[in-house]
Amino acid sequence: KVLAVLKGGKEGVSAGAGEEVGVVLDRTPFYGEAGGQVGDKGWLVGEGVLVRVTNTVKLMEAFIVHRAVVEQGTLSTGARVEARVNEEERRATALNHTATHLLHAALREILGPHVKQAGSLVSPQRFRFDFSHFAQVQAETLKEVEQNVNRAIRENLPLTTSVMPREEALKTGAMAIFEERYGENVRLVRVGDGVSQELCGGTHTHRTGDVGLFKIVSESAVGANVRRIEALTGKAALEHVQIQELEFREAASLLKTSPEQLRDRIDKLLKEQRQKDREIEALKSRLLSAQSEDLLSGV
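Predicted model, so just to flag it, every value in this text is computed and none were measured.

Draft legend 1. Quick look at the sheet that holds strand β12 (residues 159-165). Overall, antiparallel pairing links the three strands, which are arranged β12-β13-β14 in an open sheet. Edge positions in the sheet fall to β12 and β14 (196-199), since each has one partner strand and no second. With direction set aside, neighbouring strand axes in the sheet form an average angle of 20 degrees. Where strand β13 (residues 185-191) lies against β14, four bridges are found, and the strand directions are antiparallel. Note on β14: the bridge partner recorded for Val-191 is Ser-196.

Draft legend 2. Up close: the sheet that holds strand β9 (residues 81-85). Strand order in the open sheet formed by seven strands is β2-β1-β4-β7-β6-β5-β9, with antiparallel pairing between adjacent strands. Whereas interior strands pair on both sides, the edge strands pair on one side only; in this sheet they are β2 (10-12) and β9. The mean angle between the axes of side-by-side strands here comes to 35 degrees, regardless of whether they run parallel or antiparallel. In this structure, strand β5 (residues 42-46) lies alongside β9, joined through five bridges in antiparallel fashion. Within β9, the residue paired with Trp-43 across the bridge is Arg-84.

Draft legend 3. Local environment of the layout of surface pockets. Here the largest pocket defines a volume of roughly 640 Å³. Around the largest pocket, the lining is made up of 27 residues, and of these Tyr-31, Ala-34, Gly-35, Tyr-182 and Gly-201 lie nearest the centre. Contributions of two or more residues to the lining of the largest pocket are made by α1 (87-111), β10 (117-122), β13 and β14. Residues of the lining of the largest pocket, tallied by class, amount to ten nonpolar, eleven polar and six charged. Considering only enclosed or pocket space, the second largest pocket measures out at about 260 Å³ in volume. Mapped onto the lining of the second largest pocket, the elements with two or more residues apiece are α1 and α4 (234-254). Sort the elements by how many residues they give to the lining of the second largest pocket and α1 lands first, with six residues. A breakdown of the residues in the lining of the second largest pocket according to their chemical character gives four nonpolar, four polar and five charged.

Rules and cut-offs
- Residues numbered from 1 in each chain as written.
- Predicted model: local features only at pLDDT ≥ 70, side-chain atom pairs only at ≥ 80, totals over all residues.
- Heavy atoms only, no water.
- Pairing = 2+ DSSP bridges.
- Helix = DSSP H or I, 4+ residues; strand = E, 2+ residues; numbered from the N terminus.
- Axes fitted to C-alpha atoms, helices over the stretch in contact; angles between N-to-C directions.
- 1 Å grid on protein atoms, 1.4 Å probe; cavity = no way out; pocket = protein on both sides within 12 Å on 5 of 7 lines; lining within 4 Å.
- Points joined across faces, edges and corners; volume = space filled by probe spheres on them.
- Nonpolar A, V, L, I, M, F, W, Y, C, P; charged D, E, K, R; others polar.

If you want it as structure tokens, here you go:
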């Protein structure tokens, strides 16, 4: 049931086609943006009315507001609608959110228990994960982290959730992120038998195997002792690997070699280039010397 139609931040009675609105329902399956996870998109469908939800936000922990555009008909307060979440985007977001928990656990295992989440953004396309660490994470270590996460994915571990009092949850050793935002009751997300335990209200997969593939695409600094990893999962991760492989093969083709011998070919070309640069500099010196002698003889 539509409890409120908001236009320009103020409550209205109805909205027609083309108008941007905020919609408050008596209940909703849409996830409101929180904890780094973006809000759901989808549709609100009623008798003679079609509303496209472009984002969903949570206000003051009490209200879920569906930011939307009325595509057809008139949306009125009191109307009955069916809320339809964009399933494909919801699933892709869930893959990424579960992967953040696996990444967090892997970083703590490999880098040390000082690693703590310092922020995140979880969307259907990719995710970024900020964490406390005092130095750049080297390529070999990133490779180890990536392997650790993918191993957990292949083990197809179950995810379980439970709601309990906050103090009881913290006694289990669960990681608490942004603790000041938690209420008296919290949701605990467990991965496998002690692989990961975090307080989290986001959407997740049923098993780690649903993630499919995890691929780190970058690691960088975002502040003092804070690093950021950006990564992909599932279909997006596979497409990224395929694009990289295609570019690798095309580069090998341009240099008239095989992908396996590409590095040796580049090394050889760089050596030849350096040798040619030295020869050019020597020729320039000889040319300048000859020109100087001509000038002197002219004087």
